[in-house]
Every structure is written in structure tokens, then in C-alpha cells.
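# Structure at a glance
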Amino acid sequence: GGRPRPPTYEDEIRCEIVRWNACPDAAGSGKSPTEQYEHCVSRGHYRGSIVRGIYAMHLARWKRFFSRSQILVLQYEEMHKDLPGHVERIGRFWGLPLPRVDAMAESNAHEGRHKLRRIDCRTRARLVALFQPWNKLLYQDLRRDHVAGAVPEQEPRHFRVFDGAVKCAERKAARGVLRVDPALM
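Parameters and conventions
Residues numbered from 1 in each chain as written. Predicted model: local features only at pLDDT ≥ 70, side-chain atom pairs only at ≥ 80, totals over all residues. Heavy atoms only, no water. Helix = DSSP H or I, 4+ residues; strand = E, 2+ residues; numbered from the N terminus. Buried < 20%, exposed > 50% of the residue type's maximum accessible area, 1.4 Å probe, protein only. Contact = heavy atoms within 4.5 Å. Areas by Shrake-Rupley, 256 points an atom, 1.4 Å probe, with all protein chains shown as cover. Phe/Tyr/Trp six-rings, centres within 6.5 Å; stacked < 30°, edge-to-face > 60°. Patch = residues over 30% accessible without salt bridge, like charges linked within 9 Å, V, L, I, M, F, W, Y side chains within 5 Å. Salt bridge = Lys/Arg side-chain N within 4 Å of Asp/Glu carboxyl O.

## Describing the overall build of the protein
Along its length, the protein carries 6 helices and 0 strands. In sequence order, the protein lays out its α and β elements as α-α-α-α-α-α. Per-residue burial for the protein yields a buried fraction of 33% across its 185 residues. Excluding contacts between residues fewer than 6 apart, the proportion of contacts in the protein whose partners are at least 24 apart in sequence is 64%. Total accessible area computed for the protein in this model is approximately 12900 Å², and 54% of it derives from carbon and sulfur atoms.

In C-alpha cells, the structure reads:
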């Protein structure tokens, strides 16, 4: 008896990856990653959270409506390292003087059951494997745009490749029955 425990972040990610991986397979073999993405997202076959992290496709969509010189791409990790420099870049891009900002929060200050305090190593490895081909497409696209001279002058010329070095923690296997809401599957 008793109430089932809410799914953990790891449970939710595992379910999302299964759902996402089933969608490109259903799109059919021989299709490009872009065509698979369009099948899954634009046609409503997948409505999960994975797509938020596929920046290559976000950039491709934005480029359909705006010239690349109107899109400033920055990396969060680099912005976190040099916030004043990045705020100044953004201000120059917009043509506006922005107030100096010296720091940003080190972590999410809001408490709640969905706040992630650590990621287990297996989940991190799953996410890195999932996003790696999409990130490769993103970096290729960014390089192509830079070589073509199509980017705004405020955009960095080089982007540090995400290496998946986010700290993780090994988790001991839980004993007992895990009940996951079928709606998450």
C-alpha cells in the first residue's frame, strides 16, 4: 500500500530519453537529424522537455526568420565566467548602454521538489550521449556562419565545446518498488 513516491529527476530523464528516441525511429531511417527533429517536434509527435536542449535546431529555426547577423549566440558557461564582459557585448549588440552587472547567482535560490541538487553519473552520461550529435551539428553550424562572416561582431569567434564534465555523484541502487506515473512514459 501507500502512495507511490514521485519520480526522481533520473526517472523522468530516463523516460524522456526513451520517448525521444522512439520518435526519430518512427520518422523512418535514412532521414537527416533535421528531418527527424521536424517529424518529432513540428508535427507534434513529441512534446517533452528534451527539445529545449537541442540548440542546433533552435538556431536553425531562428535563421528561417532572421538574418544570422540579428542572432547573438553566447555560451552560458562563458557568460558565467565573465558576466560584465558579456553584458557589455549584449548592450553593444542591442545598441544600448546596459548597467554594469558584476555577478550572477551560483545556483537556483528557489526551493522546490524539482530543484536538482546533483546529477547521478549514469544520468549525466545518458544526457551527454543524447545531446552530443546535436551539439556537433550546432558547432559545425556556428563555424560555418563565422567563416561566412554572417555573425554579429559581438559574437565570440570560438565556442568551447561542451565536454560533459559536469560534476556527478554515484547513487546507490534503491531497494523496493519504483512506481512511475504511466503518463510520464
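Now, onward.
## Overview of the packing of aromatic side chains
This structure, assessed with the given rule, holds 4 aromatic pairs. Arranged with centres 6.0 Å apart and planes meeting at 65 degrees, the rings of tyrosine 37 and tryptophan 134 form a pair that is edge-to-face. Linking tyrosine 37 in helix α2 (residues 33–42) with tryptophan 134 in helix α6 (residues 121–147), this pair joins segments that are 97 residues apart in sequence. For tyrosine 37, a relative accessible area of 2% gives the class buried. Here tryptophan 134 falls in the buried class, since its relative accessible area comes to 8%. Ring-pair connections join several aromatic residues into one group, and the members of that group are Trp20, Tyr37, Tyr46 and Trp134.

## Here's the deal with a nonpolar patch on the surface
A cluster of nonpolar side chains, Trp62, Phe65 and Phe66, forms an exposed patch at the surface whose accessible area comes to about 410 Å². Structurally, phenylalanine 65 is set in helix α3 (residues 55–65). You can call phenylalanine 65 exposed: its relative accessible area is 67%.

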